[in-house]
Each structure stands twice: as structure tokens, then as C-alpha cells.
Amino acid sequence: MTDSRASTPAPIDYGKAYRVDGKVALISGAARGLGAEMARALAGAGARVMVTDVLESQGRETVAEIRAAGGQADFFRLDTTDEAQWEAAIAVTIERLGGLHVLVNNAGIERLQFITETTVEEFRKVQDVNVTGVFLGCKHAIRAMRPGGAAGQGGSIINLSSVAGLVGCIGLSNYCASKGAVRLLTKSVAVECGQLKLGIRCNSIHPGVVWTAMGRDLFQHFVDLKIMPDLAAAQTAFETAIPMGRCGAPEDVASAALYLASDAAKWVTGAEFVVDGGYTAV
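Residues numbered from 1 in each chain as written. Predicted model: local features only at pLDDT ≥ 70, side-chain atom pairs only at ≥ 80, totals over all residues. Heavy atoms only, no water.

Regarding the nonpolar core
Turning to step 1, where the next piece is worked out: By size, the foremost hydrophobic cluster in this structure holds 32 residues, and its most contacted members are Leu 42 and Ile 158.
Turning to step 2, where the next piece is worked out: Of all the secondary structure elements, the ones that give two or more residues to this core are β1 (24-27), α2 (33-44), β2 (48-53), α3 (56-68), β3 (72-77), β4 (102-105), β5 (155-160) and α9 (250-261).
Turning to step 3, where the next piece is worked out: The element best represented in this core is α9, accounting for seven residues.
Turning to step 4, where the next piece is worked out: Filtering out sequence-adjacent residues up to four positions away, Ile 158 remains in contact with Val 102, Leu 103, Val 104, Asn 105, Asn 203, Ile 205, Ala 257, Leu 260 and Ala 261.
Turning to step 5, where the next piece is worked out: By size, the runner-up hydrophobic cluster in this structure holds 29 residues, among which are Leu 26, Val 134, Leu 136 and Ala 141. (Core = buried A, V, L, I, M, F, W, Y, C linked by side-chain atoms within 4.5 Å. Buried < 20%, exposed > 50% of the residue type's maximum accessible area, 1.4 Å probe, protein only. Helix = DSSP H or I, 4+ residues; strand = E, 2+ residues; numbered from the N terminus. Contact = heavy atoms within 4.5 Å.)

As C-alpha cells, this is what we get:
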């Protein structure tokens, strides 16, 4: 019987394994919220970060903030539903920052509507941004990261799904459908890259409700649909359902992304990282 440990990489230096020095990361939807926090986290741990978003002024503000803190970052405008823009974003990232080792597919939208009131156009819009955008990011990042690609050093792809990709939620049929698709797209990419020996890992992160503009909007939508009487009641209902008793903070999710981007996660692929304070454990 062959000892499989013979092909295991040399032991890692734990003092360095959780850093991302020398890596280049592209993050979609990074102008604000979770994306901006992940950009700050990766830059703070040594990565050169390309902040991309359709929100150009806010994206440039995030870059300025990272640079002021001593990090390295640049901005590129990216509509993730446009394949040509993905190709350009990746090419510019490699040209300006010297490579591509990490892709975070974070851009996404949320529409709280009862399924009976959702139009086909509204449903398709959510799928286009949340699923097609992730598909295109994976496709072109893999082309660049794989052996012989423009970057060619392998890497880590991190797809932002949601707890809504694991369990159902009232008023979020379109969003749940999209985030469930991201979950299994991630696993398929992980298996394909692993079996083809491309040196690329792919994992998904499933946040619960996080205190960002998008999280606050979710509470307001529950009120607008009369699912909850007011914002205070909506917040209380969610926090009561979370075993740890609070909604998430952006840094809770950014910490998971930093781990998955780092060499500490070198044998982690096809996994779903749930960051929800225990919400889906109940």
C-alpha cells in the first residue's frame, strides 16, 4: 500500500500561512459593504487588491482608504454580467498588479418580493447578476490562473453565496434560487479544477444577515411587505433566531475570505463556509 503522505507538501510556516503576501486579488462588488471589508482584509494581510464595482466613486474611495492605511490597491469598473468587461478586468489586474492569485465573486443583488408578485424580468435580473456574474468570473479567472494562463500560478476562487442558498426564506425565492446555484456551481468548479490538476481551489461563503447597507435594506423590505411591523421588530426577530444573539459584522465574513485566500487553506476546496452565528444550525 502506498503511503499517500509521500506526495504531501512540506509542512507550512504557520506564522506566514494565514497571510497573503505577494498575492494579487480581484474582488467584485468591492466598493462598499462586505466587498470593501474583504478588500481591506486582504490588503492588510499583504495582498495587492483590485477593487471592482459599478459604483466608481465609492470604489475609488475604498482604494484611497486602503492606500492611506499602507496597502496596495487599484480600481476598475466592472459590470459582472458583461463577459467582455470580465476579460478586461482580469487583463488589467494582471498588467497593473502583476498577477492573479485570488478571485472573490462578491457582487450580488437582493430583491425581496413574494413569488406571486415577481415578474420574469425581475427574476432573471437577480439570476443574471448573482449567478451569471459568478460563472463569468470563475470562467475567466480559471483561464488566467491555470498552467499556461496569463497569470499561470493557480489560486483561490471564493464565491459569496448566502444562508439563503442553504435554506428557504419568505419573500426571497429569486435570491434563494440564485444563491443555491452559486453553492453548486462552486462545487462543480472545485471538482473540475481539482481533477484537471489546475492548482485552483474554489469555495463558497454563506453569510447570515450582516450589518451592511444590504442587510439594513433587507429589514426594511420585510417591513414594506408587512412581514414585520417595523424595523425594530425585524431586527429583534432575526437576532432572536441567531444562537449567538447578534447579526454579523463585515469583518466576520472578511476573516473567512482571508483564510480561504491564504495558503492555510491549501487543501480546502468545494467547501461551503457558513458564517451565520449558528442560524442554520438550529
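Text resumes after the structure shown.
Some thoughts on the layout of surface pockets
Turning to step 1, where the next piece is worked out: Looking at the largest pocket, its volume works out to about 1100 Å³.
Turning to step 2, where the next piece is worked out: Forming the boundary of the largest pocket are 45 residues, of which Gly 108, Ile 109, Glu 110, Tyr 175 and Met 214 lie nearest the centre.
Turning to step 3, where the next piece is worked out: Examining the composition of the lining of the largest pocket, we find that six residues originate from one element, helix α7 (residues 213-224), more than from any other.
Turning to step 4, where the next piece is worked out: Of the residues belonging to the lining of the largest pocket, the class tally is 23 nonpolar, 14 polar and eight charged. (1 Å grid on protein atoms, 1.4 Å probe; cavity = no way out; pocket = protein on both sides within 12 Å on 5 of 7 lines; lining within 4 Å. Points joined across faces, edges and corners; volume = space filled by probe spheres on them. Nonpolar A, V, L, I, M, F, W, Y, C, P; charged D, E, K, R; others polar.)

Examining the side chain of Asn 159
Turning to step 1, where the next piece is worked out: Its place among the elements puts Asn 159 in strand β5.
Turning to step 2, where the next piece is worked out: Engagement of the side chain of Asn 159 in a polar contact is seen with the side chain of Thr 186, the distance being 2.9 Å.
Turning to step 3, where the next piece is worked out: Dropping the residues within four chain positions of it, Asn 159 is found in contact with Asn 105, Val 134, Cys 138, Val 182, Thr 186, Cys 202, Asn 203, Ser 204 and Ile 205. (Polar contact = N/O pair within 3.5 Å; in protein donor to acceptor, adjacent residues only side chain to side chain.)

Quick notes on the packing of aromatic side chains
Turning to step 1, where the next piece is worked out: Tallied over the entire structure, the rule returns five aromatic pairs.
Turning to step 2, where the next piece is worked out: Here the aromatic rings of Phe 219 and Phe 238 are separated by 5.2 Å at their centres, their planes lie at 50 degrees, and the arrangement is tilted. Of this pair, Phe 219 sits in helix α7 while Phe 238 is found in helix α8 (residues 231-241), placing the two residues 19 residues apart along the sequence. Accessibility assignment for this pair places Phe 219 and Phe 238 in one class, buried. (Phe/Tyr/Trp six-rings, centres within 6.5 Å; stacked < 30°, edge-to-face > 60°.)

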